[in-house]
Amino acid sequence: MSRVALITGCGKQDGMGQAIARTLAASGVTVVVTDLAPAGVANRGQESTIGAGGWRGVESLVDDIRAAGGTAHFSLGDIASETDAARMVAEAVEFGGRLDILVNNAAAPQGADRADVADVPVEVWDRLVDVNLRGTYLMCRASVPAMRANRYGRIVNIASMAGIDKLPFSTAYSASKAGVLGLTRSLAMDVGGWGITVNAVCPGIVWTSRGLLGVTDPGEEQAMRERRGRQIPVGRVGEVDDIANAVAFFASEGAGYVTGQALPVDGGGLSAFPPPHPDHD
C-alpha cells in the first residue's frame, strides 16, 4: 500500500518543501504538493527569482516527480484560510484515497517582520502568525479526521531553531515558531491513541532563498555561506536535503514510537568562536 502525503509550501525551486516532496516520493509515497501561488511567494528583495529559469513551481515539481517514476498532484491555496485548508486536505484524500502524512512546511515570506519590535507593523505580525501558526493549526485540524479514520498518521511540523533559541529582529517569527512547538506537543497527546504521531523539525541555517536574507550578489552569497559554515561544528551550512531526511524519518513506519518531539537540525548550532576543523591544522 502506498502512503499518501500532503506537503505545504512546495513552490520554490530551492526550498525545503520541494526537497521533502522529492525525498518522500522517491521512497514510494504518493505526494500532494501545495503552495499559495504556483512558485511560492518571494521573500523581500528576491522577487526576481520567482519563476526564474522556466520554473513553474508546484507544476514543475509534479512533472519532475512523475518523470522519476513517482506519483504526484498539486493544489493551490492559503493555509491560513479555513476553507482552503479543508479543500486541500479533501483534494489529497480524493487523489490518494487516504491521507497518511501531513508536512506543514509553508511559512510566511520574510520581509518587514525582520526588524526591531518597535518597527514591525501590527499587520505584518498578524500575517506571520496567521500563516505560520494558524495555518499549521488549520492543516492539522483538517487532516486529523482522515488519519483517525485509518488509525494511522504522521504529522511533521517545520518549526525553527528560532522557536527554541534567541534570535534578534525576529519577534514575530520566533513567537510563531515557538507556538508551532507548543501545538506539536499538545496535539501529540490528543491523537496518539489513534496511531498518529506529531513531531517537529527545527532547522538552523539552511541555504535557501529564505536563508540568504536578501543577498543577491553571487560573490557575497558565497562569502556569507563560507563565513557561516565556519561557525558551525559540522563545518557547513544546512542543505534542503538535510531537512528532507529528518522529515522522512518522522514520516516513516519506523517512527511510530516517537511523538511530541522537536528535533534540531542545525549542524550543532552557531558558535561565537570558530570550532576546530581540519583546515585549521
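To start, this report covers the structure provided alongside it. Please read these numbers as outputs of a predicted model, since none were measured by experiment.

Quick notes on the sheet that holds strand S5 (residues 153-158)
Across the sheet, seven strands lie side by side as S3-S2-S1-S4-S5-S6-S7; this open sheet has parallel pairing. One side of each edge strand has no neighbouring strand; the edge strands of this open sheet are strand S3 (72-76) and strand S7 (262-265). Direction aside, neighbouring strands of the sheet carry axes that sit 20° apart on average. With five bridges connecting them, strand S2 (residues 30-35) and S3 associate as parallel partners. When the sheet's bridge partners are listed, Val-31 is paired in S3 with Ala-72. Most of the contacts of helix H3 (residues 82-96) go to S3, to which it runs at about 160°, and overall it touches strand S1 (4-7), S2 and S3.

A few points about the pairing of strand S4 (residues 101-104)
The alternating pattern of S4 places Ile-101 and Val-103 on one face and Leu-102 and Asn-104 on the opposite face, and all of these are buried. The pairing of S1 with S4 spans three bridges and is parallel. Looking across to S4, one finds that Ala-5 is bridged to Ile-101. Summarising the sheet, S4 and S5 pair through four bridges and their orientation is parallel.

Details of the pairing of S1
In S1, alternate side chains face the same way, and those of Val-4 and Leu-6 on one face and Ala-5 and Ile-7 on the other are all buried. When S1 meets S2, the two strands line up parallel, connected through four bridges. Residue Val-4 lies in a different strand from S2, and its bridge partner there is Thr-30. Running through helix H1 (residues 16-26), the crossover from S1 to the neighbouring parallel element S2 is right-handed.

What about helix H5 (residues 171-191)?
Taking 1.5 Å of rise per residue, the 21 residues of H5 would be expected to cover 30 Å, and the 30 Å separating its terminal C-alpha atoms lies within 8% of that figure. Turning to H5, its buried residues are Ala-172, Tyr-173, Ser-174, Ser-176, Lys-177, Val-180, Leu-181, Leu-183, Thr-184, Leu-187, Ala-188 and Val-191. Turning to H5, the residues buried within the fold contact helix H4 (122-150), S5, strand S6 (196-203) and S7.

As for the environment of Cys-202
Along the polypeptide, Cys-202 turns up in strand S6. As for Cys-202 and Ala-106, which are separated by 96 residues in sequence, their C-alpha atoms are 14 Å apart. Among residues more than four places away in sequence, those in contact with Cys-202 are Ala-159, Ser-160, Met-161, Ile-164, Leu-181, Ala-262, Leu-263, Pro-264 and Val-265.

Here's the deal with the packing of aromatic side chains
For the structure shown, the criterion picks out one aromatic pair. Measuring from ring centre to ring centre gives 5.6 Å for Phe-249 and Phe-250, while their planes differ by 45°; the resulting arrangement is tilted. Residue classification places Phe-249 among the partly exposed positions, given a relative accessible area of 41%. By relative accessible area, which is 4% here, Phe-250 ends up buried. Against the face of Tyr-152 rests Arg-3, its NZ or CZ located 3.7 Å from the ring centre. For the cation-ring pair, Arg-148 lies above Trp-194, with the distance from its terminal atom to the ring centre recorded as 4.1 Å.

So, the environment of Gly-40
Mapped onto the fold, Gly-40 is located in the loop between S2 and helix H2 (58-67). Sequence separation between Gly-40 and Gly-238 is 198 residues, and the spatial gap between their C-alpha atoms is 21 Å.

Re the side chain of Ser-170
For Ser-170, the position within the fold is in the loop between S5 and H5. Polar side-chain contacts of Ser-170 include one of 3.0 Å to the backbone oxygen of Pro-168.

Regarding unusual backbone geometry
At Arg-151, a position not held by glycine, the phi torsion is positive, near 55°. When you line up the elements, Arg-151 lands in the loop between H4 and S5. In this structure, Phe-169 is a non-glycine residue whose phi angle is positive, near 55°. Assignment of secondary structure puts Phe-169 in the loop between S5 and H5.

Thoughts on the pattern of salt bridges
Per the counting criterion, the structure on display carries 13 salt bridges. Note that Glu-253 and Arg-3 form a salt bridge whose closest N and O atoms lie 2.7 Å from each other. In this pair, Glu-253 is assigned in the loop between helix H7 (240-250) and S7 and Arg-3 in the segment before S1, connecting sequence segments 250 residues apart. Note on Arg-3: relative accessible area 16%, which makes it buried. Across the pair Arg-127 and Asp-78 runs a salt bridge whose closest N-O atoms are separated by 3.4 Å. In this pair, Arg-127 is assigned in helix H4 and Asp-78 in the loop between S3 and H3, connecting sequence segments 49 residues apart. Accessibility expressed as a relative area gives 17% for Asp-78, which makes it buried. A single network of salt bridges, built from pairs that share partners, joins Arg-3, Arg-98, Asp-100 and Glu-253.

Procedures and definitions
Residues numbered from 1 in each chain as written. Predicted model: local features only at pLDDT ≥ 70, side-chain atom pairs only at ≥ 80, totals over all residues. Heavy atoms only, no water. Pairing = 2+ DSSP bridges. Helix = DSSP H or I, 4+ residues; strand = E, 2+ residues; numbered from the N terminus. Axes fitted to C-alpha atoms, helices over the stretch in contact; angles between N-to-C directions. Contact = heavy atoms within 4.5 Å. Buried < 20%, exposed > 50% of the residue type's maximum accessible area, 1.4 Å probe, protein only. Right-handed = clockwise from strand over helix to strand, strands pointing away. Expected span 1.5 Å × (residues − 1). Phe/Tyr/Trp six-rings, centres within 6.5 Å; stacked < 30°, edge-to-face > 60°. Lys NZ or Arg CZ within 6 Å of the ring centre and 35° of its normal. Polar contact = N/O pair within 3.5 Å; in protein donor to acceptor, adjacent residues only side chain to side chain. Salt bridge = Lys/Arg side-chain N within 4 Å of Asp/Glu carboxyl O.

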